[in-house]
Amino acid sequence: MSEPLSTLVQRCAHQEEIRKSRFLANAAPVTTPGQALDFLREVADPAATHNCWAYRIGQDYRFNDDGEPGGTAGRPILQAIEGQQMDGVVVVVTRWYGGIKLGAGGLVRAYGGTAAECLRRAERAPIVAMARLALRCDFAELALLKARLKELQAEVEHESFGADGVELELRLPDSHVAEACLRISDISRGRSSAKRLD
């Protein structure tokens, strides 16, 4: 079975000097391509020789060689993200040229290696698939229901009180949905059931 995906807990950076060129990798957790491009604009150094980058957010990914020979910078950065089993991540590797040409293989190793080392040293969090549920319950069951569902890491996203009970919308790990549905049915003696919203 493949390793579960993870993302970064917070921004991180790693710097290396390779044959007199300085390489600085900046990485951050992101949830949208717009956030990834905002991070690029924030950390890219206009005075540097190149600001190469890549991001992966689910099935969405992009990379850019920023003037380096095609395939020698952006793609190796993306491969570093994938090789570290990460998602929801952007990495920008900035290079200040030091006067010694690295050649295509050297550039691939420098960009990919700097990005990979940055991600290796970073604090990670596993990516947990989440689900959303909606249900209605009686007032008398609300406190017990909330307590028992909290044990399953369920968070109440929305709660509205009506004349005949309470409507809840919950967010919880997908792996806990079946158990949550059982608990809801047990506590309400079969009067309440949850339906998936996603």
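The structure we're discussing is the one just above.
For every chain, the first residue of the written sequence is number 1, and numbering continues from 1 onward in sequence order. Only residues with pLDDT of at least 70 get local features here, since the model is predicted, and only at 80 or more are side-chain atom pairs given and counted; chain-wide, interface and lining totals rely on the full set of residues. Each side-chain value is worked out from all heavy atoms of the structure, with water and hydrogens disregarded.

## Details of the environment of Arg75
Relative to the elements of secondary structure, Arg75 occurs in helix H2 (residues 74-83). Relative accessibility thresholds used throughout: buried, under 20% of the residue-type maximum; exposed, over 50%; partly exposed, between the two (1.4 Å probe, protein chains only). By relative accessible area, which is 39% here, Arg75 ends up partly exposed. Through-space distance from the C-alpha of Arg75 to that of Ala25 is 14 Å; in sequence the pair is 50 residues apart. If near-sequence neighbours (up to four positions away) are discounted, Arg75 is found in contact with Phe63 and Asp65. Runs of E in the DSSP output that reach at least two residues are strands. Runs of H or I that reach at least four are helices, and both are numbered from the N terminus. Contacts: residue pairs with any heavy atoms within 4.5 Å of one another.

## Some points on the packing of aromatic side chains
Only Phe, Tyr and Trp rings take part, Trp by its six-membered ring, and two of them pair if their centres are within 6.5 Å. Stacked means planes under 30 degrees apart, edge-to-face means over 60, and tilted covers everything else. Tallied over the entire structure, the rule returns 3 aromatic pairs. A centroid spacing of 6.1 Å and a plane angle of 10 degrees characterise the contact between Trp53 and Tyr55, whose relative ring orientation is stacked. Across the pair, exposure class does not vary: Trp53 and Tyr55 are buried alike. Between the aromatic rings of Phe139 and Phe161, the centroid separation amounts to 6.4 Å while the plane-to-plane angle is 10 degrees, which identifies the pairing as stacked. In this pair, Phe139 sits in helix H4 (residues 139-150) while Phe161 sits in strand E9 (residues 155-162), placing the two residues 22 residues apart along the sequence. Classification of Phe139 as partly exposed rests on a relative accessible area of 43%. A relative accessible area of 53% places Phe161 in the exposed class. The aromatic ring of Trp96 is capped on one face by Arg22, whose charged end is 3.9 Å from the ring centroid. Definition used: whenever NZ (Lys) or CZ (Arg) falls within 6 Å of the ring centre and also within 35 degrees of the ring normal, the charge is taken to sit over that ring.

## Observations regarding the side chain of Asn26
Residue position: Asn26 is located in strand E3 (residues 21-29). A relative accessible area of 14% places Asn26 in the buried class. Apart from the residues within four sequence positions on either side, Asn26 is in contact with Cys12, Ala13, Phe39, Val43, Val90, Val91 and Val92.

## Brief notes about unusual backbone geometry
For Gln85, which is not glycine, the phi torsion reads 55 degrees and is therefore positive. Structurally, Gln85 is set in the loop between H2 and strand E6 (89-96). Judged by relative accessible area, Gln85 falls into the partly exposed class, the value being 24%. A positive phi angle is found at Arg189, which is not glycine, with a value near 55 degrees. Tracing the backbone shows Arg189 in the loop between helix H5 (177-187) and strand E11 (195-196).

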